[in-house]
Amino acid sequence: MVVINIKKVLVIILVLLGIYMLVFHYSPFPLNHEQIGLGYNHMLHRIIGVVFLVAAGLAFWKWK
């Protein structure tokens, strides 16, 4: 029987979002700013990526 732990799933999703915003949101990966015409400013996504990773760390630490 597979038991899905919502807390672990949330931490995994937050980590994946953080990594995506920090690493994969840039060229040559799909759906980046240059490709969809929004320019080259990625600082907001770096900040959001760090926030996602910190939130994942806090959630993992609090729920452990």
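For clarity, every value in this text was computed on a predicted model and none was experimentally measured.

Student: Looking at this structure, I do not really get the overall build of the protein. What am I missing?
Tutor: Along the protein, the regular secondary structure elements total three helices and zero strands. From first element to last, N terminus to C terminus, the protein shows the α and β order α-α-α. Residues counted as buried form 20% of the 64 residues belonging to the protein. Contacts spanning at least 24 positions in sequence make up 55% of the contacts within the protein whose residues lie at least 6 apart.

Student: Quick question: what am I supposed to make of the environment of Leu17 here?
Tutor: Within the element layout of this structure, Leu17 appears in helix H1 (residues 6-24). Classification of Leu17 by relative accessible area gives partly exposed; the value is 34%.

Student: I'm lost on a nonpolar patch on the surface in this one. Help?
Tutor: Together, Ile4, Ile6, Val9, Ile13 and Leu17 make up a nonpolar patch on the protein surface, roughly 460 Å² of accessible area in all. Among the secondary structure elements, Ile6 is positioned in helix H1. Since its relative accessible area comes to 63%, Ile6 is described here as exposed.

Student: Honestly, the packing of H1 against helix H3 (residues 43-63) in this entry has me stumped. Any pointers?
Tutor: How two helices sit against one another is set out by the angle between their axes and by the gap between those axes. At their nearest, the axes of H1 and H3 sit 7 Å apart, and the two run at 160° to each other. Looking at the two axes, H1 sits roughly antiparallel to H3. Considering the relative orientation of H1 and H3, their crossing is left-handed. Across the interface between the two elements, Lys7, Leu10, Val11, Leu14, Val15, Leu17, Gly18, Ile19, Met21 and Leu22 from H1 touch His45, Arg46, Ile48, Gly49, Val50, Phe52, Leu53, Ala55, Ala56, Ala59, Phe60 and Trp63 from H3. Broken down by class, the residue content of the contact of H1 with H3 amounts to 17 nonpolar, three polar and two charged.

Student: Just to check I follow, could you spell out the environment of His25 for this structure?
Tutor: For His25, the location among the structural elements is in the loop between H1 and helix H2 (33-36). Residue classification places His25 among the buried residues on the basis of a relative accessible area of 7%. As for His25 and Gly49, which are separated by 24 residues in sequence, their C-alpha atoms are 10.0 Å apart.

Calculation rules
Residues numbered from 1 in each chain as written. Predicted model: local features only at pLDDT ≥ 70, side-chain atom pairs only at ≥ 80, totals over all residues. Heavy atoms only, no water. Helix = DSSP H or I, 4+ residues; strand = E, 2+ residues; numbered from the N terminus. Buried < 20%, exposed > 50% of the residue type's maximum accessible area, 1.4 Å probe, protein only. Contact = heavy atoms within 4.5 Å. Patch = residues over 30% accessible without salt bridge, like charges linked within 9 Å, V, L, I, M, F, W, Y side chains within 5 Å. Areas by Shrake-Rupley, 256 points an atom, 1.4 Å probe, with all protein chains shown as cover. Salt bridge = Lys/Arg side-chain N within 4 Å of Asp/Glu carboxyl O. Axes fitted to C-alpha atoms, helices over the stretch in contact; angles between N-to-C directions. Parallel < 35°, antiparallel > 145°, perpendicular 65-115°, else oblique. Left-handed = near helix turned anticlockwise from the far one by under 90°. Nonpolar A, V, L, I, M, F, W, Y, C, P; charged D, E, K, R; others polar.

Any link to function would need more than the numbers given here.
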